[in-house]
Amino acid sequence: MITLEFLRNSWFLIVFIGGLIYWGARQDMSIDKVTQLETRITSLENRTTVLETGIGQIQIKIDDIKEDLNLIKGAVIK
């Protein structure tokens, strides 16, 4: 009977503690989501680097082809 009275008189404390536990659980789930997002971002950064490197190599080849065409054009005109 005394325990029931204690619970009845301290309901706000019980709700507060429950809220803290709920908040802590939500924060823990947020950490997992952040970790997943960081992994995805790292993966995308790596893919972007590979693409940029490939584009750079293609640009160098295009520049070489342009130089060759200019040399051929100059030889044909002479």
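Structure first, text after, so check above.
For the structure given in this document, a descriptive report is provided here. Keep in mind it's a predicted model, so treat the numbers as computed, not measured. (Residues numbered from 1 in each chain as written. Predicted model: local features only at pLDDT ≥ 70, side-chain atom pairs only at ≥ 80, totals over all residues. Heavy atoms only, no water.)

Regarding the overall build of the chain
- Within the chain one finds two helices and zero strands.
- The principal-axis extent of the C-alpha atoms belonging to the chain is close to 110 × 15 × 5 Å.
- When the 78 residues of the chain are sorted by exposure, 1% land in the buried category.
- Side chains of the chain carry 9 positive and 10 negative charges; the gap between the two charge centres is 7 Å. (Helix = DSSP H or I, 4+ residues; strand = E, 2+ residues; numbered from the N terminus. Buried < 20%, exposed > 50% of the residue type's maximum accessible area, 1.4 Å probe, protein only. Lys, Arg positive; Asp, Glu negative; His and termini not counted. Charge placed at Lys NZ, Arg CZ, Asp CG, Glu CD.)

Considering the packing of aromatic side chains
- Overall, the coordinates contain one aromatic pair when judged by the stated rule.
- When the ring of W11 is compared with that of F12, the centres are 6.3 Å apart and the planes differ by 85 degrees; the resulting orientation is edge-to-face.
- Judged by relative accessible area, which is 55%, W11 ranks as exposed.
- On the basis of relative accessible area, F12 is assigned to the exposed category, the value being 52%. (Phe/Tyr/Trp six-rings, centres within 6.5 Å; stacked < 30°, edge-to-face > 60°.)

Observations concerning the packing of helix α1 (residues 2–9) against helix α2 (residues 11–77)
- The interhelical angle for the contact between α1 and α2, taken along N-to-C directions, is 70 degrees, at an axis separation of 4 Å. Between α1 and α2, the angle is such that the two are roughly perpendicular. Contact residues: L7, R8 and N9 in α1; W11, F12 and I14 in α2.
- Taken together, the residues of the contact of α1 with α2 break down into four nonpolar, one polar and one charged. (Axes fitted to C-alpha atoms, helices over the stretch in contact; angles between N-to-C directions. Parallel < 35°, antiparallel > 145°, perpendicular 65-115°, else oblique. Contact = heavy atoms within 4.5 Å. Nonpolar A, V, L, I, M, F, W, Y, C, P; charged D, E, K, R; others polar.)

Remember that the coordinates give geometry; whether it matters functionally is a separate question.
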